[in-house]
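# Structure assessment
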Amino acid sequence: MTASILILSVLALPWLGALLVWLVGDRRPAWQHGLAVAFSAAAGAVALGLLPFASSEVALRLPFGEFFGDLTFLPDGLGIFLAAVATLIGSLAVLFSVDYMRGEAQLGRYYSLVLIFIGAMCGLVLTSSFLFLFIFWEITALCSYALISFYNDDPKAVAGGMKALIITQVGGIGLLLGALLAYAYTGSFDIALFLERSSLLPGGVLAVMAFGFLIAAAAKSAQFPFQTWLPDAMEAPTPISALIHAATMVNAGVYLLARFYPVFYQVPEWRTAVMVVAVATALMAAVMAVVSNDLKRVLAYSTVSQLGYMFYAISAGGIFASQFHLLSHAIFKALLFLGAGAVIHSVGTRDMRQMGGLGKELPFIRNVFLLGAVALVGLPFLNGFWSKELVLEAGLHNGPAWAHNLMLAGAGLTAFYTFRMVWMVFYMPPAPERSGRHVHAAGSAMKIALAPLALGTLLSWLLVGPFSRLLESTLPGSFVHAIGVIGLIEEVFLAPATYLALAVVGAGLLAWHSRARLGGLGMALHPLARIAQDSFGFEWINHQLVEKTQHAGEHLRRLQTGQINWNLVGIVGGLVFILTWLTWGGK
Amino acid sequence: MAHPSVFTLLIAIPVLASPLIYLLGRIGKISIRPQNPLAELEPLQNPRLRAFLNSTPRWTALLALLASWGPFVLAVDLFRSQGPQTFFIENIPLRLDGISLLLAAVSLGLGTLVVLFSGPYMAKEPGEEKYYAMLTAMVGVMIALGCAGDLFNLWVWFEAMAVSSYLLVVFYREQPASLEAGIKYVVQSAAGSVLVLLGIALVLAETGTMNLNEIAAAVGPSPLLVAAGGLFIAGFGVKAALVPLHTWLPDAHSQAPSGISAMLSGVVIEAGLIAMLRALSSLTGENGAGVPAATWGGLLLAFGAVNMLVGNLMALRQTQIKRMLAYSSLSHIGYMVFGLGAALTAGQLAGAQGGMFHLLNHGLMKGLAFLAAGALLYAVSGMALKAASAAADERQADDHGPLTVSDLNGAAQRYPLEALALSLAVLGLAGLPPLAGFMSKWQIFVAGMNAGVQQDSPILGLLVIFAALNSVLSLGYYAPLVNAMYRKQPSEAVVQGGAIPLQMSVPLALLALGVVALGVWPNLVGWLVAPAGSALLAAFGG
């Protein structure tokens with residue numbers, strides 16, 4: 001009973017907040033800021049309060065009638081964990097917005113959509129109904145579209161929002177297909193029921209579902225070959241980027257695969273497919289991060305790349321490793337994005353070539369950003385280190401060696417681009433464009449939002465014990481085994497793979513350090529850099545698809561001749577077609 | 001109240017009110033005309049009385065439609081307690097089942113809101129009384145069409161609907177574009193009618209009767225009846241805008257006054273679809289002795305797929321909002337036909353209900369979209385300013401230029417309610433949750449996939465994916481419209497636009513509420529949709 005009230009509150013609080021922010025209206029921005037922070041923080045508190053009620057039983061069931069099934073909520077460890085991430089990180093992003101969005105127009109629209117977004121993400125991870133999983137999935141797509149194109153006057157923002165919407169919607173069809181097939185064979189939209197009775201489905205159908213879900217997850221988490229939308233989503237206000245990258249949107253894909261892994265891992269070649277997607281994404285995105293000069297884009301590529309690591313862990317059966325890395329990533333990536341937001345807010349540009357020397361002017365931001373960067377690289381003893389080692393270890397034990405080697409190389413690249421970014425923003429000699437320009441100090445709300453994230457980056461790995469026990473006890477069949485802090489330290493430090501990974505990371509740092517001496521190598525890799533800057537041709541494919549569709553529409557317009565004679569030809573032609581079909585037509 | 005009179009009133013009130021509205025409107029107008037010697041009389045100088053006389057047609061129409069809700073509620077009550085009813089006016093059979101109830105609800109509901117909306121919108125038009133007379137008649141005729149129990153009367157009501165809507169399409173009769181749209185509409189409707197008549201003739205020759213029940217009792221699996229069914233699909237398909245019989249639609253829907261666009265897109269083409277289903281269902285015969293329902297199922301699925309694609313691609317490049325919405329109606333007819341096709345092919349109740357649910361939702365969403373676009377057109381095209389200005393009686397012919405997407409840049413700043421309503425409508429049409437369109441599309445997809453699994457046909461599964469891809473494609477033209485309205489930099493037209501009166505905003509708010517409510521809680525209209533779906537399956541021997 002308490003659990004169902006808490007679940008409803010996690011969903012209802014952000015949405016109620018959205019309604020209130022909207023009703024208050026744009027004439028009272030102070031109220032809007034306050035309401036948004038209050039309601040998102042309250043939702044975060046409720047999500048934490050839900051932790052003791054974790055179970056693998058459905059807690060709430062509302063009948064929706066035939067063909068829609070029941071709206072059910074299942075507060076298991078995975079769901080509560082992701083709801084907590086969405087609400088807590090989300091509320092910090094909201095808090096950060098108080099400074100970042102101060103004085104912006106249309107705050108009501110901004111905060112309403114953010115709160116709906118957070119609520120929908122909670123619904124997505126807590127529901128146990130395919131229909132509502134899909135509904136919440138689509139609502140997050142809708143919100144991300146509206147927020148990415150928040151600055152509607154900027155055509156790039158509009159294009160970025162549309163791209164995110166269309167790509168994730170196309171991927172969503174995979175989820176739709178799977179949900180419909182599950183219903184057709186089990187007669188129910190209940191996910192828990194499906195996981196129990198998946199043997200009812202013929203192997204081929206299960207494979208269609210498994211690959212459909214992989215497509216949906218890849219599109220949502222910006223994995224190969226759908227990775228192109230996430231960098232373009234950088235046109236959004238920066239707190240939104242943090243929200244999408246750390247708290248909500250992209251986690252949904254990882255969630256989907258982790259949730260259905262216990263059934264899909266038996267599908268032949270499915271795990272290999274996930275692994276190929278993961279490795280290709282992690283490497284490609286890392287290379288693109290190396291050659292990009294836009295601060296937010298570097299971070300976006302690093303998100304794509306790190307999500308690849310999570311996919312990789314899942315493909316190797318490391319459900320816990322993937323979720324543990326998700327937790328670390330959510331914290332340090334939110335830290336990095338919000339830190340980057342503070343930097344961008346201060347200097348008014350996203351181009352790293354026009355930054356430099358900001359370390360002295362923004363010491364607090366530099367310190368926390370550096371912390372996040374070290375965690376992203378995976379240096380001891382920050383949260384990113386532990387989780388990345390678990391991911392790589394899971395891959396080494398249960399996956400082929402080639403994949404492991406490539407992922408190790410990716411870790412080296414991560415070190416390289418991360419330190420390139422930190423150097424360009426904070427330590428490089430100040431760009432000439434910047435001389436004499438005033439740097440705004442970071443606001444207090446910004447600092448208040450960043451501090452807990454920095455603390456989390458330092459310490460969140462200590463939660464490994466309760467977190468793994470939570471997943472083990474409520475997720476039967478997903479191969480999660482509880483592990484304590486001591487166990488984690490032993491496991492990581494006794495594994496030779498750890499030292500190998502650290503060596504590769506060190507090599508990446510060394511490469512950055514001695515980049516001048518490696519000039520020849522850099523020149524040799526120049527063509528690769530060019531290709532990477534063109535996003536390996538995927539933008540071209542997108543562009544062609546859009547153009548071809550638009551052309552088809554344009555050509556089809558000729559059929560609307562506007563001449564009544566031709567219109568009547570259409571009627572007669574239609575009649576002939578109908579009669580032909582009825583005479584010879586099959587069914 | 002004895003039940004036959006309930007039904008009779010449901011049809012009779014709007015149909016008989018129509019000439020009354022015209023008459024009262026004429027009397028009112030003539031009595032205050034300056035040329036009229038009576039206008040010199042003292043009472044007629046009173047501005048309030050003059051305003052009242054001027055607005056008689058509006059209020060009479062609104063009253064007539066509001067009065068029709070009485071018999072409608074009684075009919076629903078009777079239907080729910082005693083099931084489908086057959087009754088006679090003289091010896092013309094009429095029947096009230098789930099389908100007729102649904103059509104009555106949609107046409108009466110949307111009609112009432114359109115009359116309310118049209119008050120300010122049409123206030124300065126000289127032919128106002130004709131407008132309301134025809135609109136009210138059209139509502140009554142469509143209710144009757146849904147109840148028709150024999151082929152001949154089905155055809156008569158169908159024609160009556162065409163005539164009344166024809167006069168409304170050419171309402172701006174001094175504009176060449178309206179006249180062109182009207183000519184195309186009337187010629188193509190007539191062509192469709194001829195095909196329907198031929199079909200009726202074949203059925204009459206084969207069975208010797210036109211009563212739908214008697215036909216159902218008399219039919220066998222005759223090729224002549226298959227041909228008749230083909231003629232019905234083509235003939236009614238012109239009105240239901242099946243591609244390639246649809247070419248009249250974009251012109252007619254975009255040239256009509258916005259309220260009429262809402263009615264045409266939201267109810268009239270769907271009424272054509274229901275007429276088609278009624279005619280076809282009789283050919284199935286009792287216990288499936290006639291032409292099997294699956295004969296039509298495949299054809300409907302094919303038309304569904306073609307309609308979706310053509311409608312979306314044609315809308316993709318449109319910059320005129322009303323024309324874009326008109327093309328999107330093609331794709332939505334496609335979804336309905338697709339769901340109904342799945343119902344007829346594999347007896348999927350989900351498809352029958354989904355198709356009917358989508359019919360209702362499309363009425364709400366497309367009605368809302370056209371009315372919201374109309375309200376914005378009213379605000380930015382100068383109609384609003386004219387309404388406020390003193391020289392209100394003078395009207396220029398170029399009022400009704402097309403409303404383009406760029407005209408609405410930044411519309412949300414001045415017209416937040418209208419912009420939100422239009423956004424909800426188009427996002428609902430694109431099938432995004434939690435809006436009404438998603439729920440009915442979902443039901444249709446469930447039907448398609450179930451039918452595919454049941455018949456072991458991957459083609460049906462692929463068609464479902466195709467339909468879903470089409471929903472994504474439709475975002476390609478809906479989403480930019482939403483983005484444009486929420487720009488910060490308003491267009492010239494928006495800056496100079498006038499106010500939108502409350503009377504126009506209320507119907508928008510109600511419809512928008514409906515679109516959200518049905519998206520969150522689809523069972524809200526389960527009492528209307530479920531019987532309609534069951535009635536359809538039952539009629540086709542399912």
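Small disclaimer: the values here were computed from a predicted structure and weren't measured.

### Here we look at the overall build of chain A
- Within chain A, the regular secondary structure consists of 26 helices and 2 strands.
- The C-alpha atoms of chain A give 25 Å as radius of gyration, which agrees with the globular expectation for 587 residues (25 Å, within 12%).
- Along the longest, intermediate and shortest principal axes, the C-alpha atoms of chain A span 80 × 60 × 55 Å.
- Here chain A holds 587 residues, and the buried ones make up 63% of them.
- Partitioning the contacts of chain A with sequence separation of at least 6, the portion at a separation of at least 24 is 81%.
- Of the roughly 20,900 Å² that chain A leaves accessible, carbon and sulfur atoms contribute 68%.
- Of the charged side chains in chain A, 31 are positive and 28 negative; the average position of the first set lies 7 Å away from that of the second.

### Looking at the interface of chain A and chain B
- Each partner contributes to the interface: chain A provides 60 residues, whereas chain B provides 73 residues.
- Buried surface at the junction of chain A and chain B, summed over both partners, amounts to about 5,900 Å²; 75% is from carbon and sulfur atoms.
- At the surface where chain A touches chain B, the tally comes to 2 salt bridges.
- The partner of B:Arg487 in a salt bridge is A:Asp153, with the nearest N and O atoms 3.3 Å apart.
- Where chain A meets chain B, there are 15 residue pairs in polar contact (both at pLDDT 80 or more).
- Sorting the residues of the side of chain A that touches chain B by element identifies α5 (130–148), α6 (155–186), α25 (538–556) and α26 (564–584) of chain A as the ones contributing at least two each.
- Considering every element that reaches the side of chain A that touches chain B, the biggest residue donor is α6(A), with 15 residues.
- Residue composition of the side of chain A that touches chain B, by class: 39 nonpolar, 13 polar and 8 charged.

### Focus on helix α9 (residues 223–240) of chain B
Residue and element names in this part refer to chain B.
- Taking 1.5 Å of rise per residue, 18 residues should cover 26 Å, and α9 covers 25 Å from first to last C-alpha, within 8% of that figure.
- The buried fraction of α9 is high, at 15 of 18 residues.
- For α9, the side-chain oxygen to backbone nitrogen distance between the N-cap and Leu-224 is 3.0 Å, and the N-cap itself is Ser-222.
- Of the residues flanking the end of α9, it is Ala-241, one or two places downstream, whose phi is positive at about 65 degrees.

### Re the packing of aromatic side chains
- Taken as a whole and assessed by the stated rule, the structure comprises 54 aromatic pairs over all chains.
- With centroids separated by 5.5 Å and ring planes inclined at 85 degrees, the aromatic side chains of A:Phe213 and A:Phe264 adopt a geometry described as edge-to-face. Taken as a pair, A:Phe213 in helix α8 (residues 203–220) and A:Phe264 in helix α11 (residues 251–264) lie far apart in primary sequence, 51 residues in all. Here the two residues A:Phe213 and A:Phe264 agree in accessibility, since each one is buried.
- A ring pair is formed by B:Trp69 and B:Phe72, whose centres lie 5.4 Å apart and whose planes are at 85 degrees; its orientation type is edge-to-face. Pair noted here: B:Trp69 and B:Phe72 are both in helix α3 (residues 56–82), with a separation of 3 residues, about one helical turn.
- By relative accessible area, which is 4% here, B:Phe72 ends up buried.
- Among the aromatic residues, ring-to-ring pairing joins A:Phe130, A:Phe194, A:Phe213, A:Phe260, A:Tyr261, A:Phe264, A:Tyr265, A:Trp270 and A:Phe479 into one connected group.
- For the cation-ring pair, B:Lys239 lies above B:Phe158, with the distance from its terminal atom to the ring centre recorded as 4.6 Å.
- Lying over the aromatic face of B:Tyr335, B:Lys441 brings its terminal NZ or CZ to 4.4 Å of the ring centre.

### Section: the pattern of salt bridges
- In this structure the tally under the stated criterion is 21 salt bridges over all chains.
- In this structure, the salt-bridge partner of A:Asp70 is A:Arg61, at a minimum N-O distance of 3.2 Å.
- Residue class for A:Arg61 comes out partly exposed when judged on its relative accessible area of 46%.
- Among the charged side chains, a network of salt bridges with common partners joins B:Arg26, B:Lys29, B:Arg58, B:Glu128 and B:Glu129.

### Brief notes about the side chain of A:Asp232
- Among the secondary structure elements, A:Asp232 is positioned in helix α9 (residues 229–232).
- In contact with A:Asp232, not counting residues within four places along its chain, are A:Ile148, A:Gly160, A:Lys163, A:Arg297 and A:Glu539.

### Section: unusual backbone geometry
- With an omega of 0 degrees, the peptide bond running from A:Phe224 to A:Pro225 counts as cis.
- Structurally, the position occupied by A:Pro225 is in the loop between α8 and α9.
- In this structure, A:Phe381 follows A:Pro380 across a cis peptide bond, with omega equal to 0 degrees.
- Take A:Phe381: it is sitting in the loop between α16 (363–377) and α17 (383–398).
- A positive phi angle, near 60 degrees, is found at A:Gln106, a position not held by glycine.
- For A:Gln106, the location among the structural elements is in the loop between α3 (77–100) and α4 (107–126).
- A positive phi angle is found at B:Ala241, which is not glycine, with a value near 65 degrees.
- Taking the relative accessible area as the measure of exposure, B:Ala241 reaches 0% and is therefore buried.

### Re the packing of helix α5 (residues 128–147) of chain B against helix α11 (residues 258–284) of chain B
Residues and elements named next belong to chain B.
- Two elements in contact, α5 and α11, have axes whose closest approach is 10 Å; the angle formed by their N-to-C orientations is 25 degrees. One way to sum up the angle between α5 and α11 is to call them roughly parallel. In this structure, α5 crosses over α11, and the sense of that crossing is left-handed. Facing α5, whose interface residues are Tyr-131, Leu-135, Met-138, Val-139, Met-142, Leu-145 and Gly-146, α11 presents Gly-259, Ile-260, Met-263, Val-267, Val-268, Ala-271, Ala-275 and Arg-278.
- Looking at side-chain class alone, the contact of α5 with α11 contains 12 nonpolar, 2 polar and 1 charged residues.

### Comments concerning helix α13 (residues 295–315) of chain A
Residue and element names in this part refer to chain A.
- Here α13 is 21 residues long and its end C-alpha atoms lie 30 Å apart, about the 30 Å a rise of 1.5 Å per residue gives.
- In terms of burial, α13 is largely enclosed, as 20 of its 21 residues are buried.
- For α13, the N-terminal capping position is held by Asp-294, with its side-chain oxygen 2.9 Å away from the main-chain nitrogen of Lys-296.
- Backbone geometry just downstream of α13 places Gly-317 in the positive-phi region, at approximately 80 degrees.

### Comments concerning the packing of α25(A) against helix α12 (residues 293–316) of chain B
- The interhelical angle for the contact between α25(A) and α12(B), taken along N-to-C directions, is 95 degrees, at an axis separation of 8 Å. One way to sum up the angle between α25(A) and α12(B) is to call them roughly perpendicular. Only B:Val310, B:Leu313, B:Met314 and B:Leu316 of α12(B) make contact with α25(A), whose side of the interface consists of A:Thr549, A:Gln550, A:Ala552, A:Gly553 and A:Leu556.
- The class makeup of the residues in the contact of α25(A) with α12(B) is 6 nonpolar, 3 polar and no charged.

### Section: the confidence of the model for chain B
All names here are of chain B.
- Scored by pLDDT, chain B has a mean of 89; 95% of the residues are at 70 or more.
- Segment residues 390–398: pLDDT under 50, and 12 contacts once partners within four positions in sequence are set aside and those in other chains are kept.
- Interface confidence for the predicted complex, expressed as ipTM, amounts to 0.90; the pTM equals 0.93.

### Overview of a nonpolar patch on the surface
- Residues A:Leu16, A:Leu19, A:Leu20, A:Trp22 and A:Leu23 make up a contiguous nonpolar surface patch of about 480 Å² in total accessible area.
- One can find A:Trp22 in helix α1 (residues 2–24).

### A look at the environment of A:Gly359
Residue and element names in this part refer to chain A.
- Note on placement: Gly-359 falls in helix α15 (residues 358–361).
- The exposure class of Gly-359 is buried, given its relative accessible area of 3%.
- Here the alpha-carbon distance between Gly-359 and Pro-29, two residues 330 residues apart in the chain, equals 32 Å.
- Setting aside chain neighbours within four positions, we find Gly-359 in contact with Arg-366 and Phe-426.

What counts as what
- Residues numbered from 1 in each chain as written.
- Chains lettered and ligands numbered in written order.
- Predicted model: local features only at pLDDT ≥ 70, side-chain atom pairs only at ≥ 80, totals over all residues.
- Heavy atoms only, no water.
- Helix = DSSP H or I, 4+ residues; strand = E, 2+ residues; numbered from the N terminus.
- Rg over C-alpha atoms; globule rule 2.2 N^0.38 Å.
- Buried < 20%, exposed > 50% of the residue type's maximum accessible area, 1.4 Å probe, protein only.
- Contact = heavy atoms within 4.5 Å.
- Areas by Shrake-Rupley, 256 points an atom, 1.4 Å probe, with all protein chains shown as cover.
- Lys, Arg positive; Asp, Glu negative; His and termini not counted.
- Charge placed at Lys NZ, Arg CZ, Asp CG, Glu CD.
- Buried area = accessible area lost by both parts, 1.4 Å probe.
- Salt bridge = Lys/Arg side-chain N within 4 Å of Asp/Glu carboxyl O.
- Polar contact = N/O pair within 3.5 Å; in protein donor to acceptor, adjacent residues only side chain to side chain.
- Nonpolar A, V, L, I, M, F, W, Y, C, P; charged D, E, K, R; others polar.
- Expected span 1.5 Å × (residues − 1).
- Phe/Tyr/Trp six-rings, centres within 6.5 Å; stacked < 30°, edge-to-face > 60°.
- Lys NZ or Arg CZ within 6 Å of the ring centre and 35° of its normal.
- Axes fitted to C-alpha atoms, helices over the stretch in contact; angles between N-to-C directions.
- Parallel < 35°, antiparallel > 145°, perpendicular 65-115°, else oblique.
- Left-handed = near helix turned anticlockwise from the far one by under 90°.
- pLDDT = per-residue confidence, 0-100.
- Patch = residues over 30% accessible without salt bridge, like charges linked within 9 Å, V, L, I, M, F, W, Y side chains within 5 Å.

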